[in-house]
Amino acid sequence: MIQKFEFCKTDFEGAYLIKPFCATDIRGAFIKDYSKEVFEANGLEHNLAEVFYTVSHKGVIRALHFQRVHEQAKLVRCIKGKVFDVIVDLRPDSPTFKKWQGFYLSEENMNELYVPEHFAHGYLVLEPSVVSYKCGEKFYGEYDDGIMYNDPDFGVEWPFDEIGGIENLILADKDKNLQSFKEFEEKYLK
Ligand SMILES: Cc1cn([C@H]2C[C@H](O)[C@@H](COP(=O)(O)OP(=O)(O)O[C@H]3O[C@@H](C)C(=O)[C@@H](O)[C@H]3O)O2)c(=O)[nH]c1=O
């Protein structure tokens, strides 16, 4: 069976949920999750600069991250396990400014999310997972930044019931001490 690349709109201009190309046969599956040519034919110019992977335990939140100055678009796919992935629009002139949307990304559904520049991104890990990133800009440690996953201005509804309750949440120290949206706005948007 062959599933062709499919590009689905999200609530946000420029962000897409993408079904990769997948061909299955008696051996298993062949999956292609990025093609410069196919992406361009669908209006997505993605400059592939770096690829990396994260490996996470169930209950981990990595959020809500972005890179300032050298803004970084990224193509995110959960290649093993399952995550609830969230993006937040940080473009002040956008009609969806400060709005969030969540997507289930899993090994099973193979969905990948195209996160444009000027979005915060993060996820809650629902099963032990490996997540792949294809980044449009290289990493600049000095501009690596984020906003708290539970910021009241965003009001993201994380499905904590799917990890057995918020008491099972695993957060890195750096993600416990991120700025609020208000602090971010004060510092960079005014
Ligand atoms: C993101 C990144 C981190 N690092 C280093 C910094 C640090 O020593 C170590 C682990 O990095 P972090 O703790 O920032 O990893 P993590 O918290 O998983 O960061 C990631 O979170 C998700 C939600 C994203 O959207 C990504 O863009 C990225 O921000 O790896 C790189 O060398 N290159 C990179 O591209």
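Residues numbered from 1 in each chain as written. Predicted model: local features only at pLDDT ≥ 70, side-chain atom pairs only at ≥ 80, totals over all residues. Heavy atoms only, no water.

### Examining the site of the ligand
Put simply, the rule reads: We define proximity as follows: a residue is near a molecule or strand when any one of its heavy atoms falls within 4 Å of that partner. Counted as a polar contact is a pair of N or O atoms within 3.5 Å, where, for protein atoms, one must be capable of donating a hydrogen and the other of accepting one, and residues adjacent in sequence contribute only when both atoms are in side chains. Method for areas: the Shrake-Rupley scheme with a 1.4 Å probe, in which residue coverage is limited to the protein chains shown.
The environment of the ligand is made up of Phe52, Thr54, Arg62, His65, Lys74, His121, Gly122, Tyr133, Phe139, Asp144 and Lys174. Interatomic distance of 2.7 Å between a side-chain N/O atom of histidine 65 and an oxygen atom of the ligand. In this structure, lysine 174 approaches the ligand through a side-chain N or O atom, which is 2.8 Å from an oxygen atom. When the free accessible area of the ligand is taken as 660 Å², the share hidden by the protein chains comes to 65%.

### A look at a nonpolar patch on the surface
Heads up, the condition is: Candidate patch residues must exceed 30% relative accessible area and have no salt bridge, after which like charges are joined if within 9 Å and Val, Leu, Ile, Met, Phe, Trp or Tyr side chains if within 5 Å. Criterion for a salt bridge: a side-chain nitrogen of Lys or Arg within 4 Å of a carboxyl oxygen of Asp or Glu. Under the DSSP-based scheme used, a helix requires at least four consecutive residues in state H or I and a strand at least two consecutive residues in state E, with every element numbered from the N terminus.
A surface patch of nonpolar side chains, amounting to about 350 Å² of accessible area, comprises Leu48, Val51, Tyr53 and Ile79. You can see tyrosine 53 is positioned in strand β6 (residues 50-56).

### Observations regarding the sheet that holds strand β4 (residues 21-25)
Strand pairing in a sheet is mediated by backbone hydrogen bonds. Such pairs are either parallel or antiparallel. Stated formally: At least two bridges found by DSSP between two strands are what make those strands a pair.
The strand order across the open sheet formed by three strands is β1-β4-β5, and the pairing between neighbours is antiparallel. Strand pairing shows two members of the sheet lacking a second neighbour, β1 (2-3) and β5 (28-32), which therefore form its edges.

### Concerning the packing of aromatic side chains
Rule in force here: Aromatic contacts are taken between Phe, Tyr and Trp rings whose centres are within 6.5 Å, Trp giving its six-membered ring; a plane angle under 30 degrees counts as stacked, one over 60 as edge-to-face, and the others as tilted.
As enumerated under the stated definition, the model contains 15 aromatic pairs in all. With centroids separated by 5.2 Å and ring planes inclined at 80 degrees, the aromatic side chains of phenylalanine 7 and phenylalanine 39 adopt a geometry described as edge-to-face. One end of the pair, phenylalanine 7, is in strand β2 (residues 6-9); the other, phenylalanine 39, is in helix α1 (residues 36-41), and 32 residues separate them in sequence. Clustering of aromatic rings is evident, with ring pairs tying together Phe66, Phe97, Phe154, Phe181, Phe184 and Tyr188.

### Some words on the environment of valine 55
Here is the rule we go by: Accessibility here uses a 1.4 Å probe with only protein chains present; expressed as a share of the type maximum, an area under 20% marks a residue as buried, one over 50% as exposed, and anything in between as partly exposed. The contact criterion used throughout is that any non-hydrogen atoms of two residues lie within 4.5 Å.
Tracing the sequence through the fold places valine 55 in strand β6. On the basis of relative accessibility, which here comes to 66%, the residue valine 55 falls in the exposed class. A sequence separation of 73 residues divides valine 55 from proline 128, and the C-alpha atoms of the two residues are 7.7 Å apart. Beyond its immediate chain neighbours, meaning those up to four positions away, valine 55 contacts Arg62, Ser129 and Val130.

### With respect to the state of the cysteines
Simply put, disulfide is the name for a covalent bond between the sulfur atoms of two cysteines. Keep this limit in mind: For the purposes of this analysis, a disulfide is any pair of cysteine sulfur atoms at a distance within 2.5 Å.
Evaluation of the coordinates by the stated rule reveals zero disulfides. As a non-bridged cysteine, cysteine 22 has cysteine 78 as the owner of its nearest cysteine sulfur, 15 Å distant. Using a relative accessible area of 7% as the deciding quantity, one classes cysteine 22 as buried.

### Considering the pattern of salt bridges
Scanning all chains against the criterion turns up eleven salt bridges. Of the charged contacts in the structure, one is a salt bridge between aspartate 33 and arginine 77, with a shortest N-O distance of 2.8 Å. Of the two residues, aspartate 33 is situated in the loop between β5 and α1 and arginine 77 in strand β8 (residues 74-89); the sequence distance between them amounts to 44 residues. The pair aspartate 33 / arginine 77 is uniform in exposure class, with both members buried. Lysine 182 is paired through a salt bridge with aspartate 153; the nearest N and O atoms lie 2.8 Å apart. Of the two residues, lysine 182 sits in helix α3 (residues 181-189) while aspartate 153 sits in the loop between β12 (144-146) and α2 (173-176), which places them 29 residues apart along the sequence.

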